[in-house]
Amino acid sequence: MKLSEMSKKQEHQQKKDITEAYEEMKNCSSDELRQRLMKEIQQQKSRGVFDYDGLLNSIEKIKQYLPKETYENMLRIIESLK
């Protein structure tokens with residue numbers, strides 16, 4: 001298998017994973033989503049892989065697509081989990 005084919009296969013798998021995650025979470029309430037986020041962050045912290053700055057950078061990248069209130073709420077949530 002060529003390197004370019006491997007890259008395309010990985011990209012396809014990532015898109016599939018994102019779609020599956022979206023489908024799983026799209027009908028969750030905000031409380032359910034917050035609980036999932038908190039659980040994931042706790043797991044990452046226990047494994048020593050939590051990246052606060054990376055999470056903050058990700059939110060900054062999508063800021064322009066979010067309503068101001070949602071963006072500010074996300075920042076408050078992340079700050080509380082720091």
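Conventions and cut-offs
- Residues numbered from 1 in each chain as written.
- Predicted model: local features only at pLDDT ≥ 70, side-chain atom pairs only at ≥ 80, totals over all residues.
- Heavy atoms only, no water.
- Salt bridge = Lys/Arg side-chain N within 4 Å of Asp/Glu carboxyl O.
- Helix = DSSP H or I, 4+ residues; strand = E, 2+ residues; numbered from the N terminus.
- Buried < 20%, exposed > 50% of the residue type's maximum accessible area, 1.4 Å probe, protein only.
- Phe/Tyr/Trp six-rings, centres within 6.5 Å; stacked < 30°, edge-to-face > 60°.
- Lys NZ or Arg CZ within 6 Å of the ring centre and 35° of its normal.
- Expected span 1.5 Å × (residues − 1).
- Contact = heavy atoms within 4.5 Å.
- Axes fitted to C-alpha atoms, helices over the stretch in contact; angles between N-to-C directions.
- Parallel < 35°, antiparallel > 145°, perpendicular 65-115°, else oblique.
- Nonpolar A, V, L, I, M, F, W, Y, C, P; charged D, E, K, R; others polar.
- Left-handed = near helix turned anticlockwise from the far one by under 90°.
- Polar contact = N/O pair within 3.5 Å; in protein donor to acceptor, adjacent residues only side chain to side chain.

A. Seen up close, the pattern of salt bridges. Scanning all chains against the criterion turns up two salt bridges. Put simply, glutamate 24 and arginine 36 hold a salt bridge, and the shortest N to O gap is 2.8 Å. One end of the pair, glutamate 24, is in helix α1 (residues 3–25); the other, arginine 36, is in helix α2 (residues 30–47), and 12 residues separate them in sequence. For arginine 36, a relative accessible area of 35% translates into the label partly exposed.

B. Seen up close, the packing of aromatic side chains. Applying the stated criterion across every chain, the model contains zero aromatic pairs. When the ring centre of phenylalanine 50 is taken as reference, the NZ or CZ atom of lysine 45 above it lies at 5.5 Å.

C. Here's a closer look at helix α4 (residues 68–81). For α4, built from 14 residues, the straight-helix expectation of 20 Å at 1.5 Å per residue is met to within 8% by its first-to-last C-alpha distance of 20 Å. Looking at the buried side of α4, the elements it contacts are α2 and α3 (52–62).

D. Just the packing of α3 against α4, in detail. It is at 11 Å that the axes of α3 and α4 come closest, and there the two elements cross at 180 degrees. Regarding the angle of α3 to α4, the classification is roughly antiparallel. Counted together, Tyr52, Leu55, Leu56, Ile59, Glu60 and Ile62 of α3 and Tyr71, Met74, Leu75, Ile78 and Glu79 of α4 form the full contact between these two elements. Its residues assigned to classes, the contact of α3 with α4 comprises nine nonpolar, no polar and two charged.

E. Inspection of the packing of α2 against α4 at higher detail. Relative orientation of the contacting elements α2 and α4 amounts to 40 degrees, with a least axis distance of 11 Å. Judged by the twist between their axes, the crossing of α2 over α4 is right-handed. In contact with Arg34, Leu37, Met38, Ile41 and Lys45 of α2, α4 contributes Ile77, Ser80 and Leu81.

F. Quick look at the environment of tyrosine 71. With respect to the secondary-structure elements, tyrosine 71 resides in helix α4. A sequence separation of 58 residues divides tyrosine 71 from glutamine 13, and the C-alpha atoms of the two residues are 28 Å apart. Those residues in contact with tyrosine 71, other than ones at most four positions away along the chain, are Ile59, Glu60, Lys63 and Leu66. Here the side chain of tyrosine 71 touches glutamate 60 through a polar contact of 2.4 Å, side chain to side chain.

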